[in-house]
Amino acid sequence: MITERKRRESHTQHIASHDFLTGLPNRMLLHDRLTVAIETAQRNREKLAVVVLDLDHFKRVNDSLGHLLGDQLLVEVARRLQYAVRASDTVARMGGDEFVLLLPKAGNDEALIDSLASKIIKAVSAPLNIEGHELHVSTSLGIARFPDDGERPEVLLKHADVALYRAKAAGRGCYRLFSEDMAQAADERLRLEAAVRRGLSDGGFQLLYQPQLDLDSGEIIGIETRAELVNKSQVLAARLGFERMRFLACTVEDSLTAPELPASIDVVTALHACNTA
């Protein structure tokens, strides 16, 4: 009777601390292990590394092949990650296609970090076949190190996530180590996004028009319109073509974290242009 009760309690504790799909430690257990690892590293004057990774364009798999196949892909990726790291490392799933790796005694060895990161990227990107579908996926990694990049679990995870964003901006399928300039760039992106959202909601955009000339004939063949945030230094450009309007997100795609905003700015620009034509 006591044995059965202990078994049930142990099973309940496992469910509470592990991801139901992959069986990996979940966010709660990762936080506990990371807290203990930081305390151990402080006591022994060691360093450690935290890696945040996700699958590039995973949404395409779910959208085209369905969530059940997507789940099978996540289970296989979890297996590959566990195989790629050391026995002393922790592989956790945060949710969706996001995983976190805790690498004790790795933060002061860039060669080891490079080796592990390259091994992980190679392991995840190897082709796999699921229910007759040959899939090719890649992963991007962001890495933060204790104590250089933070001394608390939430700070290390945040900075690793910032480095992940930089890896994706660099072309995906690669890794980046966190640096302080990344945090400054992330803050600037958030400020820009907030400014754009305010501009969209309160009419904070103004349009500036410039004619397009045919260099041979000198004739005006179109008008270029710049949608500018009033009293903001960032200028978001949109162009009105001769036969149709299309949005050039020259600043937006590189600077904003919200993919829906370029289309919103496109609509606002078009409406303003039509009203003032």
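These numbers come from a predicted model, not from an experiment. (Residues numbered from 1 in each chain as written. Predicted model: local features only at pLDDT ≥ 70, side-chain atom pairs only at ≥ 80, totals over all residues. Heavy atoms only, no water.)

Notes on the overall build of the chain
Spelled out, the test is: Put simply, DSSP marks the helices as runs of H or I at least four residues long and the strands as runs of E at least two long, and each gets a number from the N terminus on. In this description, contact between two residues means that some pair of their heavy atoms is separated by no more than 4.5 Å.
Along the chain, the regular secondary structure elements total nine helices and 11 strands. For the chain, restricting intrachain contacts to residue pairs at least 6 apart in sequence, the fraction spanning at least 24 positions comes to 59%.

Examining unusual backbone geometry
Cis geometry is found at the peptide bond from F146 to P147, where omega equals 0°. Here P147 shows up in the loop between β6 (139–146) and α6 (153–169). Backbone geometry at R172 places phi at a positive 70°, although glycine is not the residue there. Inspection of the secondary structure puts R172 in the loop between α6 and β7 (175–177).

Concerning the sheet that holds strand β2 (residues 90–95)
Short version of the rule: If DSSP finds at least two bridges between two strands, the strands pair. Think of each axis as a best-fit line through the C-alpha atoms, taken over the contacting stretch in the case of a helix, with angles from 0 to 180 degrees between the N-to-C directions.
One open sheet accounts for five strands, arranged β2-β3-β1-β6-β7; its pairing is mixed. Two strands close off the open sheet at either side, each with one partner strand: β2 and β7. The sheet shows a mean angle of 20° between the axes of neighbouring strands, direction not considered. Two elements, strand β1 (residues 48–55) and strand β3 (residues 98–104), share seven bridges in a ladder whose sense is antiparallel. What sits directly across from V50, in β3, is L102. α6 rests against β1, β3, β6 and β7 of the sheet, and its axis sits at about 145° to β6.

Considering the pattern of salt bridges
Inclusion rule: The term salt bridge refers to a pairing of a side-chain nitrogen on Lys or Arg with a carboxyl oxygen on Asp or Glu at a separation within 4 Å. The classification of residues rests on relative accessible area computed with a 1.4 Å probe and restricted to protein chains. Under 20% of the type maximum is buried, over 50% is exposed, and intermediate values are partly exposed.
Considering all chains together, one arrives at 13 salt bridges under this definition. One salt bridge in this structure joins D19 and R93, with 3.0 Å as the shortest N-O distance. Note that D19 is positioned in the loop between α1 (2–17) and α2 (27–44) and R93 in strand β2, a separation of 74 residues in sequence. Like R93, D19 is buried. Put simply, D181 and R166 hold a salt bridge, and the shortest N to O gap is 3.8 Å. With D181 in helix α7 (residues 180–202) and R166 in helix α6, the pair connects residues that are 15 residues apart, well separated along the chain. Among the residues examined, D181 registers a relative accessible area of 41% and is labelled partly exposed. When salt bridges with common partners are traced through the structure, they connect D54, D56, K168 and R172 into a single cluster.

Focus: the confidence of the model for the chain
Rules: pLDDT measures how confident the predictor is about each residue, on a scale from 0 to 100.
Summary statistics for the chain give a mean pLDDT of 80 and a share of 71% for residues scoring 70 or more. Counting interchain partners and residues more than four positions distant, the pLDDT-below-50 stretch residues 232–258 has 62 contacts.

A word on the nonpolar core
Spelled out, the test is: The set of buried Ala, Val, Leu, Ile, Met, Phe, Trp, Tyr and Cys residues whose side-chain atoms join them within 4.5 Å is what this entry labels a nonpolar core.
One finds L53, L73, L81, F99, L101 and I120 to be the most contacted residues of the largest nonpolar core, which totals 32 residues. Counting only elements with at least two residues in this core, the list comes to β1, α3 (58–65), α4 (67–84), β3, α5 (110–125), β4 (128–130) and β6. A per-element tally of this core places α4 first, with seven residues. Look past the residues within four positions of F99 in its chain and what remains in contact with it is L24, V51, V52, L53, L74, V77, A78, L81, A92, R93 and M94. In this structure, A37, V52, A144 and L164 belong to the second largest nonpolar core, which totals 22 residues.

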